[in-house]
Structure formats: structure tokens, C-alpha cells
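Notes for the structure review
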Amino acid sequence: MISLEIPHPARVECAHIMNTHEWTRSRPRKRRSGLAVAMVALACGPWGCGPTKPGPTETLTLKSGIEMTFAYIPAGRFRMGSPADEPGRGKDETPHEVTITKAFYLSATEVTQSQWQAVMDDNPSYLIGDDRPVEHISWTQAVEFCRRLSEQTGRACRLPTEAEWEYACRARGGGMFFFGNRARRLRAFAWYQDSSGLAKTHAVGKKKPNPWGLYDTYGNVREWCADWYQPYPTERARDPAGPDEGKRRVIRGGSWGYIAPFCRSARREAAPPGRRTHYVGLRVAMDRHVAMDAP
Ligand SMILES: [Ca+2]
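Residue positions are counted from 1 within each chain, in the order its sequence is given. Where totals are concerned, whole chains, interfaces and linings use all residues; where local detail is concerned, this predicted model gives features only for residues with pLDDT of at least 70, and gives and counts side-chain atom pairs only at 80 or more.

Digging into the pairing of strand β9 (residues 249–252)
Residues are called buried when their C-beta atom has 20 or more other C-beta atoms within 10 Å, exposed when it has 12 or fewer, and partly exposed otherwise; all C-beta atoms are positioned from the backbone. We count a stretch as a helix when DSSP gives it H or I for four or more residues in a row; a strand needs E for two or more, and each element gets its number in order from the N terminus. Side chains of β9 alternate between two faces, with R249 and I251 and V250 and R252 buried alike. One bridge is not enough; two strands pair if DSSP finds at least two bridges between them. When strand β7 (residues 222–228) meets β9, the two strands line up antiparallel, connected through three bridges. Within β9, the residue paired with W224 across the bridge is I251. Bridge analysis of β9 against strand β10 (residues 269–271) gives three bridges, and the strand direction is antiparallel. Counterpart to R249 in the pairing with β10 is A271.

Here's what the structure looks like:
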């Protein structure tokens, strides 16, 4: 029997209160002129500035013709963490400015079971389906997947850092989610407790993507990041990658068994690197290609 993934009863109670009151309250809509919309699109705010549309994608071909598509993530600056008044926030989400100095690619979807099978020749998943995200994998196995993927494709594949993950998830958007604070909109973008029906994962890429072309960043499976977990600094950071050692690795995005506040952009979780559950998978980062014969 599959149990819902509820990490701490107190948090659930708190989140439930939020769920039924403050954070689902809709804000009144304001009409904007075309010029005003354009100004908003071009403005630099606390959550970053720059393009909000998807960039060029890259596709890797794996064994048996299985493909893996990557979205382009531009370099930029954003505010990582959450403000003190964000509904459902954790104490470990100290807001601070982060600069991502290099553009990179991030797999448009969570790694599927067919993609995992093509690279690793096995499928450790509990909830079976070729197009479903692979799960029941440890952080160590996720890193090994990236290593073998790099070996097979000649591209530098790895887990994203926690900062890269949140930056890409937000895609210049502030608030609880990249689309703002109206949590009812989450159904259009995520498989989570209110939308996943029977408690299970779903085929990737069936919900709407974020502005940079990433699917299922919220919900479906939670995603391993490269970093050891540690409290955030308060000062500015450039390409933060976490401490050199620790006990737990960062996990992001919330799962199919989570309520909406646990799927927020800033929500942080972590687990020992050997832990395996059917709520956690991965998404792959890839550095930009540099031709070996470039002048
Ligand atoms: Ca996810």
C-alpha cells in the first residue's frame, strides 16, 4: 500500500491552515494596458531581469533512439529564498541575492524511466511506466546516471546546484510559484496532491511548462540537487554550490503526494545521499557545448 508523503505532522497542520485560508486568497485582478504589460515584461525587479521566453533547446539521443531534450537557461541574477511574509515558508529560506554567471541547459522534464533504462540498463522505479519519472533512486545513483550520460554523449551532464534549480524554476517569476501566489493555478502546471488523483506519478510533460520550457518542476517527483544542505547566507552569492561536506543532499520541487505549499519555488528539503523513495527522481543539468576544435 502506498502512503502519502507527509514529512512532519506539524508542518501538514500548518500547511492545511494555510491551504484553507491565507494563501489561497485570490488577489483582485487589475487591467493593464499593452504598454504597461510590455514595461512589466522588460522591468528588472527583485526576482531578476531579462528574457522570460524559452531559449533554444538541445536534444541528446540515447540508446534505442531515446531522446532527452534540454531547455536553455540564461545567466542572470535573482533573489533566492522567500520573503518573511510568504505563506507557508520555512525558516531556512533566508532571502539573498544570487548570480548565476554562466548559461546552462536543464532537462525539460524529469528523467523518465525509458531514459534511465537507456543509460543504466535497469529500472529501479516503484511506479512503473516508460514515460513516468524514474524514482526510488539515491543521490549516489543519480550522480552515476549523470556520469554515464556524459560518457555516452560526450556532453558535461550533472545534477543542478540548488541555486540553479531555483533560478530555473522561477524563470524570473517571484512569489510562491513562478506564476505568482494564486495557488489554485498550480493544477495547470503540476501533479501534486490536489491534481494527481490516485496517489501516483504521471507521465512527464503533460502539464504546462514554466516560461523557460521546464515541465513538472513542481510536483510529480521531487528532484535531487548536487549540494549538501546547509543554512543560506544573508549576503550575495555567485554560483553557490553548497558546502564541501554534510549529511544530507538537497531535494527540490515537491512531489505528487504533496500539498501546494510544499511545492513552492523556495521550499527546501534534504535527505541522506543513500535514501531511496518513490517520491524522488532527478533532472539533469548540462553545460553549454564547447567544440573541441574551436579556435
Ligand atoms: Ca518535479
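The discussion continues.
Here we look at the pairing of strand β1 (residues 58–61)
As paired strands, β1 and strand β2 (residues 67–73) are joined by four bridges and run antiparallel to one another. Paired with L60 across the strands is M68, a residue of β2. Where β1 hands over to β2, the hairpin turn is made up of five residues, of which S64 adopts a positive phi near 60 degrees.

Overview of the packing of helix α3 (residues 113–120) against helix α4 (residues 139–153)
Note on geometry: axes are C-alpha line fits, over the in-contact stretch for helices, and angles between N-to-C directions span 0 to 180 degrees. Viewed as axis vectors pointing N to C, α3 and α4 meet at an angle of 70 degrees, and their least axial separation amounts to 9 Å. By the criterion of interaxial angle, the relationship of α3 to α4 is roughly perpendicular. The crossing of α3 and α4 is left-handed. Note on element contacts: α4 touches α3 through F145, R148, L149 and Q152, opposite W116, V119 and M120. An angle below 35 degrees is read as roughly parallel, one above 145 as roughly antiparallel, one from 65 to 115 as roughly perpendicular, and any other as oblique. Should the near helix be turned anticlockwise from the far one by less than a right angle, the crossing is termed left-handed; should it be turned clockwise, right-handed. For the purpose of contact definition, each residue receives a C-beta atom placed from its backbone, and two residues are in contact when these atoms lie within 7 Å.

Examining the environment of M80
Mapped onto the secondary structure, M80 falls in strand β3 (residues 76–80). The buried category is assigned to M80, around which 23 C-beta atoms lie within 10 Å. For M80 and A163, which are 83 residues apart along the polypeptide, the C-alpha to C-alpha distance reads 7.3 Å. Dropping the residues within four chain positions of it, M80 is found in contact with P95, H96, V98, A163 and E166.

Read these as layout, nothing more, since geometry by itself doesn't imply function.
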